[in-house]
Amino acid sequence: MALRNIREMGDDVLAKVCRPVAEMTPRIKELIEDMLDTMYDANGVGLAAPQVGVLKRIVVIDATTDEEVAQGPYILINPEIIETRGEQTGQEGCLSVPGKAGMVTRPEYVKIKALDVDMHEFELEGTELLARAICHELDHLDGHLYVEKVEGELMNVVTEENSEEA
Ligand code: ZN
């Protein structure tokens, strides 16, 4: 298990557009393993490669809230949104913006295509938290943070229990 340093808001790397992954390498596989370890260690719902300082279009997500219904882990390489529907407004946080949360409106349903670790294309559909996490993480790949979309004030989070950090 290898944990990587999570970059925080103000770090230039979080404002950059990430490059697509052209081929799978042992180094990228190691990066993905480390991203999963780092996400679980930080109790995050998702993590994007730029959050650990790597400008590649790679995202890991685990939006499982009910043990009986797994919502991950998903490994998304070069993900692209192909369909969205509806709207949901809810509290959102980010591992790169510790101790804060804010209300953000996202699609209620999202469908994406991405490559898996074998560089095979697949589609993934998500609603509720998974849809929110997908949109949040894909924004990271284009240098955007949720704080740009917060409605009202960014709030201080006293306990971690109510926040979904990604
Ligand atoms: Zn985030």
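See the structure shown above.
In this text the structure is predicted, and so the values were computed from the model without any measurement. (Residues numbered from 1 in each chain as written. Predicted model: local features only at pLDDT ≥ 70, side-chain atom pairs only at ≥ 80, totals over all residues. Heavy atoms only, no water.)

**A word on the sheet that holds strand β4 (residues 88–92)**
Whenever strands of a sheet pair, they do so through backbone hydrogen bonds, lying parallel or antiparallel. The three strands are arranged β4-β5-β8 in an open sheet whose pairing can be described as antiparallel. The sheet terminates laterally at β4 and β8 (151–156), the two strands that pair on one side only. Strand-to-strand twist across the sheet, computed as the mean angle between neighbouring axes with direction ignored, equals 25 degrees. Running over the sheet, helix α2 (residues 128–141) touches β4 and β5 (100–106) and is turned about 70 degrees from β4. (Pairing = 2+ DSSP bridges. Helix = DSSP H or I, 4+ residues; strand = E, 2+ residues; numbered from the N terminus. Axes fitted to C-alpha atoms, helices over the stretch in contact; angles between N-to-C directions. Contact = heavy atoms within 4.5 Å.)

**What about the pattern of salt bridges?**
If you walk through the whole model with that rule in mind, you get nine salt bridges. Glu83 is the partner of Arg85 in a salt bridge, and the nearest nitrogen-oxygen pair spans 2.8 Å. Overall, the relative accessible area of 30% leaves Glu83 in the partly exposed class. Close ionic contact of Glu92 with Arg132 constitutes a salt bridge, the shortest N to O distance being 2.5 Å. Remark: Arg132 occurs in helix α2 and Glu92 occurs in strand β4; sequence separation between them is 40 residues. (Salt bridge = Lys/Arg side-chain N within 4 Å of Asp/Glu carboxyl O. Buried < 20%, exposed > 50% of the residue type's maximum accessible area, 1.4 Å probe, protein only.)

**Re the state of the cysteines**
Here the structure, examined in full by the defined rule, presents zero disulfides. Not engaged in a disulfide, the cysteine Cys135 finds its nearest cysteine sulfur in Cys94; these two sulfurs lie 14 Å apart. Classification of Cys135 by relative accessible area gives buried; the value is 7%. (Disulfide = S-S within 2.5 Å.)

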